[in-house]
Amino acid sequence: MLVLGASGDLTGRLLLPGVGRLIAAGRAPRLELVGAGSDDWTAERWRQRLDDSFAGADEGSTAEGSTAEGSAELARVKDASTYHRLDVTAPGELGRLLKTLQAPVAVYFALPPAVSQAACEALTAGDLPEGTRLVMEKPFGSGAESAARLNATLAGLVPEDHIHRVDHFLGKSTVFNIVGLRFANRLLEPLWNAEHIAKVEIIFDEDLTLENRARYYDHAGAGRDMIQSHLLQIMAIIAMEAPASLDERDVRDGIAAVLRASSIDNHFARSTRRARYTAGAIGDRPVPDYTAEAGVDPANNTETLAEVEIRVKNWRWAGVPFLLRSGKALGRNRKEAVITYKPVPHLPDGFRGVDAPTRLHIGFGPENLTLDLDVNGPGNLFELDRVRLETELASDPLLPYGEVLDSVLAGDPLLSVRADTAEECWRIVEPAFAAWRAGTVPLEEYAAGSDGPADWRSSRPRSAGDKQRADG
Ligand code: NDP
C-alpha cells in the first residue's frame, strides 16, 4: 500500500492506526507499506510516525491471531517500510515510484481533494502496476460537476471495481447490521414502507467541537462534511429494496436506485435548516463561540448543525420524510437512525396514559437496536406505559479505517461509493447548498452543549428516565 500524503493529519490520526489494527489482527498478510509526501522526511521521522500510529494496535487478543504474532507482523511491516519525497502532481514523479513497487498496489490518496485530482491527471494507465487499486478520500469532488470530472479521470486509469471512494461510516458492521435486520426478519420488512412508517430520521449529533480543524471544516460545514456523504449513504441502505445477495453489484445497485429517486423540496426554508453554535458549555467544558475559534472566518457563514428533509420519490416511500441531521458542539453524542411508525388506526376506548408511536432505533456507535413499544403499565392494566426492548448489534473490533482497508486489500468494492452514487449525492444537496449561500435559509444559533434550536423537527433525544427492559 502506497500512502500519498503520508505526513498529513488523516494519515497519522486515522489511517495508520487503522492499518496497525488490521496488521495486528492478521488481516493484512504480507502487506508492504510505503509512504510518500512533499515533506522532506527522514527515514527516522517516518519510522517515528509508524511507531506512534501503531502503538497499542497489538494489545489484547484478537479473533484471528495471537498478540505475539500480531506484534511480530507489525515490527516486520515497520522495518520494511520506506518514505519517499515527491510532488505527486509533477509529471512522471508518482509514476516512477509506482514502477518500483511490487504489484498489486493500493494507492491511498490522503491528499487535499484538488491535489488528488491533479495527481490522477498526472498519471497514465501505463504507470500503474497490474491490479492497482485507487483509494480516494472524501470529499469526492466539490460538486456534481467536479465529481464527474474526477470520475472520468479515474476511469481512464483503472476499472470502476478497482476504485475505492472511501466513506469510513460505511463500515461493514453498519451496512450489514441494517441489511441483516431488515431482510432477515419477517416482522419488519412488510411494514417498512409509507403505509406504516411516518418518518425516518438519521441523526449524527456530536459533542465534539471544531477540534482545530477550521482549515477544512470552515469551508465544509455540517452539510458537506456529513449530510452530503455519510448520511445519504446510510439513508439509502435503510430505504433500499431487498438485494438478492450481498454481492457488491446487488447492494450498490440498490443504494444507487434510492439516491436516484431522492431530492430535497425546493422550498428550502421549509425543507432545510442550518445553525451555528454560540458560546456555551458541554458538561464542565466551556466552549467558545464558533466564530471565535482559531482559523474561522465568520463571513463564511458556516453551519455547524444542519437538517435536511429528503423525499424518496418511489412507491415504497412516497410521502415519508427522511430527516438527515448532523451537528457539532451538541449536548450529547447521538448517532442513530430512528424509524417512527404511524399511530394505530384505532386504540380501543378505555386505554389511558402514554400513547406514543412505535419507534425503532438503530444505533451507530455503540451499535445497538432499541424498540420503543406501548404496553399495559404495571399496577394499572388500563394505563399504557412505554417500554424499551434493547439489544447490542455486532461491531467490528477494527477501527473504521481498518474496516475500510480490509475491503480494499481484499479487493472488495462493496463498501466503496460507486461513481454514479458519488455524483448523485452531490446532485441531491447542491440546490440546497446554493440556497444557503444565497441566504434563503437563515443561519440560526444554538448554545454549545444544548440540543440545538428548540423548534427543529427532528425528534428530541429520549430522556434518561425512560423505562428500559433489556432483551438480549
Ligand atoms: P493535510 O493537509 O493534513 O495533509 C495533506 C498531505 O498531503 C500532507 O502530507 C501534504 O504534505 C501532502 N501533499 C500536499 N500536496 C502534495 C503534493 N503536491 N505532493 C505530495 N504530497 C502533497 O490533510 P488531511 O490529512 O487532513 O486530509 C487529507 C484528505 O483526507 C483530504 O481529502 C480530507 O478531506 C480527507 N479527510 C481528512 C480527515 C481528517 O480528519 N483529517 C477526515 C476525513 C477525510 P505537505 O504538508 O508537505 O504539503
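For the structure itself, look to the data block above.
Described below are features of the structure shown in this document. What you see is a predicted model, and the numbers here were worked out from it, not measured in a lab.

## Things to note about the nonpolar core
Step number 1: Grouped together as the largest cluster of nonpolar side chains are 103 residues, with contacts concentrated most on Leu2, Ile202, Met235, Phe322 and Leu324.
Step number 2: At 13 residues, helix 8 (residues 214-239) tops the list of elements feeding residues into this core.
Step number 3: Lining this core are residues from two domains, each supplying at least three of them: domain 1 (2-166) and domain 2 (172-395 + 422-471).
Step number 4: Leaving out residues up to four positions away in the same chain, leucine 324 has contacts with Ile202, Ile227, Leu231, Leu232, Met235, Ala306, Glu307, Val308 and Ile310.

## Structural notes on the environment of alanine 184
Step number 1: Here alanine 184 is to be found in the loop between helix 7 (172-183) and strand 7 (197-205).
Step number 2: Its relative accessible area of 60% is what places alanine 184 among the exposed residues.
Step number 3: Considering only alpha carbons, one finds alanine 184 and glycine 319, 135 residues apart in sequence, at a separation of 26 Å.

## Focus on the pairing of strand 14 (residues 334-341)
Step number 1: For strand 14, the buried fraction is high: seven of the eight residues fall into the buried class.
Step number 2: The sheet contact formed by strand 14 and strand 16 (residues 359-363) spans five bridges and is antiparallel. Each residue of the ladder has a partner; that of glutamate 336, found in strand 16, is glycine 363.

## Thoughts on the site of the ligand
Step number 1: Around the ligand there are 25 residues in total, and Ser7, Asp9, Arg13, Ser38 and Asp39 lie nearest to it.
Step number 2: Measuring from an oxygen atom of the ligand, one finds a side-chain N or O atom of arginine 13 at 2.5 Å.
Step number 3: One nitrogen or oxygen atom from the side chain of serine 38 is found 2.7 Å from an oxygen atom belonging to the ligand.
Step number 4: Considered on its own, the ligand offers 890 Å² of accessible surface; in the complex 81% of this is hidden by protein.
Step number 5: Elements with a minimum of two residues in the shell around the ligand: helix 1 (9-24) and helix 5 (113-121).
Step number 6: The biggest single contributor to the shell around the ligand is helix 1, with four residues.
Step number 7: In terms of residue class, the shell around the ligand is built from 11 nonpolar, six polar and eight charged.

Cut-offs used in this document
Residues numbered from 1 in each chain as written. Predicted model: local features only at pLDDT ≥ 70, side-chain atom pairs only at ≥ 80, totals over all residues. Heavy atoms only, no water. Core = buried A, V, L, I, M, F, W, Y, C linked by side-chain atoms within 4.5 Å. Buried < 20%, exposed > 50% of the residue type's maximum accessible area, 1.4 Å probe, protein only. Helix = DSSP H or I, 4+ residues; strand = E, 2+ residues; numbered from the N terminus. Domains from an automatic or database assignment. Contact = heavy atoms within 4.5 Å. Pairing = 2+ DSSP bridges. Near = heavy atom within 4 Å. Polar contact = N/O pair within 3.5 Å; in protein donor to acceptor, adjacent residues only side chain to side chain. Areas by Shrake-Rupley, 256 points an atom, 1.4 Å probe, with all protein chains shown as cover. Nonpolar A, V, L, I, M, F, W, Y, C, P; charged D, E, K, R; others polar.

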